[in-house]
Amino acid sequence: MASFYIGVDVGGTTIKMGIFSDIGELLEKWEIPTRTEEEGKNILPDIVDSIEEKRAVYGGNILGIGMGIPGPMTDDGVVLKCANFGWGVFNVKNAVADLTGVGNVKVGNDANVAALGEMWKGGGCGYDSIVMVTLGTGCGGGIIYHGKVLTGSKGAGGEIGHIKVEANETETCGCGNKGCLEQYVSAVGIVRMAKKNLREDSCLNQCEEITAKDVFDGAREGDAYCLEIVERFGKYLGTALSDVAHVVDPEAFVIGGGVSAAGQILIDVVEKYYRENAMYALKDTRFHLAKLGNDAGIYGAVRMVLFK
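Just so it is clear, the model here is predicted, and its values are computed rather than measured.

Q: Sorry, what's going on with the overall build of the chain here?
A: Tallying secondary structure elements over the chain gives 10 helices and 12 strands in all. Computed over C-alpha atoms, the radius of gyration of the chain comes to 20 Å, within 12% of the 19 Å expected from 2.2 N^0.38 for 308 residues, which places it in the range of a compact globule. Seen through its C-alpha atoms, the chain measures out along the principal axes to roughly 65 × 45 × 35 Å. Counting the 308 residues in the chain, one finds 53% classified as buried.

Structure below.
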């Protein structure tokens, strides 16, 4: 009889899942659709059904199930509402344990779980204290301190996207506040900045629909306006991360999400402003690109239950 672990990363569109050996080797990964209708009542049963199908194929013993959820989570597995699914407040950990009969179940916020995965097998490998920054549609973060996720008292630790960085902002962030980091460094935020005062001589005028990739590509090609936007992006993110470092003092920052595909140009501009603003003792904090891509969540989920 084989023994294995299951990692689950619950997203708004798909649920990514993976089977791992008892030494943390990924054996198989797959996805199922996230059925969010009827306040997400089918999500956990769908996950369990899929796990049971794999258990039948592998014919083994499930040693643990880890799960990342896109919402604030308490240490004991209670989700404090998840608007994307229509979930209220309930104990996800206990629900999964009851449905599967597996006692070793752990649940965490998806960004924190992805950070754990990157520390274990990705861009943060070799460190035990990192801050992961996820730049996608929004801006998320996860803090790992001595190998443990720092969740905070309300499960909202690592929400760096809602650090206030611009006092004069008039537009409202999705969180309800104004001037949040997310409004400038997410994919949506970069496009918003680029469109706001778009110059006639910029290559962006040739784009059918401007994307964050277009902005970074233009900067690489020397487009003056794109370079201005990238500098502004770097100033906001680099300065905010220096603030984060002054509180948690990580060994490294790991930057992931779709925007991170920009590569070294992104790292260079963020590092520049970080080092300008960090105190002397923190100036040498390392910066790395994430390596696991969409698999970071399943790796981190398994890491939670593999190493108790």
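That shown, we press on.
Q: Before we go on, may I ask you to explain the pattern of salt bridges in this structure?
A: Side chains that differ in sign of charge can pair as their charged atoms come close. Counted by the stated rule, this structure contains 14 salt bridges. In this structure, Glu28 and Lys54 form a salt bridge, with 2.6 Å as the shortest nitrogen-oxygen distance. Of the two residues, Glu28 is situated in strand E3 (residues 26-33) and Lys54 in helix H2 (residues 43-58); the sequence distance between them amounts to 26 residues. For Glu28, a relative accessible area of 26% translates into the label partly exposed.

Q: What am I meant to see in the sheet that holds strand E7 (residues 105-109) here?
A: Hydrogen bonds along the backbone pair up the strands of a sheet, which may run parallel or antiparallel. Pairing is mixed in the open sheet, where 5 strands are placed in the order E3-E2-E1-E4-E7. The sheet terminates laterally at E3 and E7, the two strands that pair on one side only. Taken over all neighbouring pairs, the strand axes of this sheet differ in orientation by 15° on average, direction set aside. Alignment of strand E4 (residues 61-69) against E7, held across 5 bridges, turns out to be parallel.

Q: Would you mind showing me how to read the side chain of Ser50 here?
A: Position of Ser50 among the secondary structure elements: in helix H2. Reaching out from Ser50, the side chain makes a polar contact with the side chain of Trp30 at a distance of 2.8 Å.

Q: Which parts of the structure should I look at to understand the packing of aromatic side chains?
A: Each pair of aromatic rings is reported with the distance of its centres and the angle of its planes. Scanning the model with the defined rule gives 10 aromatic pairs in all. Note on Trp120 and Tyr299: the rings are 6.1 Å apart at their centroids and 70° apart in plane angle, and the pair reads as edge-to-face. Of the two residues, Trp120 sits in helix H4 (residues 110-121) while Tyr299 sits in helix H10 (residues 296-306), which places them 179 residues apart along the sequence. The pair formed by Trp120 and Tyr299 is uniform in burial state, with each residue classed as buried. With a centroid separation of 5.1 Å and an interplanar angle of 70°, the aromatic rings of Tyr274 and Phe287 are classed as edge-to-face. Of this pair, Tyr274 sits in helix H9 (residues 264-277) while Phe287 sits in strand E12 (residues 286-289), and the two are 13 residues apart along the sequence. Of the two residues examined, Tyr274 and Phe287, each falls in the buried class. Among the aromatic residues, those joined into a cluster by ring pairs are Phe20, Trp120, Tyr299 and Phe307. Just above the ring of Trp30 sits the side chain of Lys54; from NZ or CZ to the centre is 4.7 Å. A cation sits over an aromatic face here: Lys121 above Trp120, 5.0 Å from the ring centre.

Q: I tried to follow unusual backbone geometry on my own but got confused; where do I start?
A: Residues apart from glycine generally show negative phi values, whereas peptide bonds are mostly found in trans. A positive phi angle, close to 55°, is found at Glu39, a residue other than glycine. Residue placement: Glu39 occurs in helix H1 (residues 37-40). Given a relative accessible area of 61%, Glu39 falls into the exposed group.

Q: How should I be thinking about helix H3 (residues 92-100) in this particular structure?
A: Helical geometry: 3.6 residues make up each α-helical turn, so side chains three or four residues apart lie on a common side. Looking only at H3, the buried set comprises Val92, Val96, Ala97 and Thr100. When H3 is viewed along its axis, its buried side chains cluster within an angular range of 130° and face the same direction. On its buried face, H3 sits against H2, E4, strand E5 (78-82), strand E6 (87-91) and E7. N-capping of H3 is provided by Asn91, with a side-chain oxygen placed 3.1 Å from the backbone N of Lys93. Looking one or two residues beyond H3, the residue adopting positive phi is Gly101, at roughly 80°.

Q: What exactly am I supposed to notice about the sheet that holds strand E10 (residues 148-149) here?
A: The sheet built from 5 strands is open, its strands ordered E10-E9-E8-E11-E12 with mixed pairing. Each edge of the sheet is formed by a strand with only one pairing partner; in this case those strands are E10 and E12. Here 5 bridges tie strand E8 (residues 130-135) to strand E11 (residues 252-256), and the two strands are oriented parallel to one another. Of the residues in E11, the one forming a bridge with Met132 is Val254. Contacts from H9 reach E8, E11 and E12, with the element oriented near 160° to E12.

Rules used in this analysis
- Residues numbered from 1 in each chain as written.
- Predicted model: local features only at pLDDT ≥ 70, side-chain atom pairs only at ≥ 80, totals over all residues.
- Heavy atoms only, no water.
- Helix = DSSP H or I, 4+ residues; strand = E, 2+ residues; numbered from the N terminus.
- Rg over C-alpha atoms; globule rule 2.2 N^0.38 Å.
- Buried < 20%, exposed > 50% of the residue type's maximum accessible area, 1.4 Å probe, protein only.
- Salt bridge = Lys/Arg side-chain N within 4 Å of Asp/Glu carboxyl O.
- Pairing = 2+ DSSP bridges.
- Axes fitted to C-alpha atoms, helices over the stretch in contact; angles between N-to-C directions.
- Polar contact = N/O pair within 3.5 Å; in protein donor to acceptor, adjacent residues only side chain to side chain.
- Phe/Tyr/Trp six-rings, centres within 6.5 Å; stacked < 30°, edge-to-face > 60°.
- Lys NZ or Arg CZ within 6 Å of the ring centre and 35° of its normal.
- Arc of directions from axis to C-beta.
- Contact = heavy atoms within 4.5 Å.

None of this, on its own, says anything about what the molecule does.
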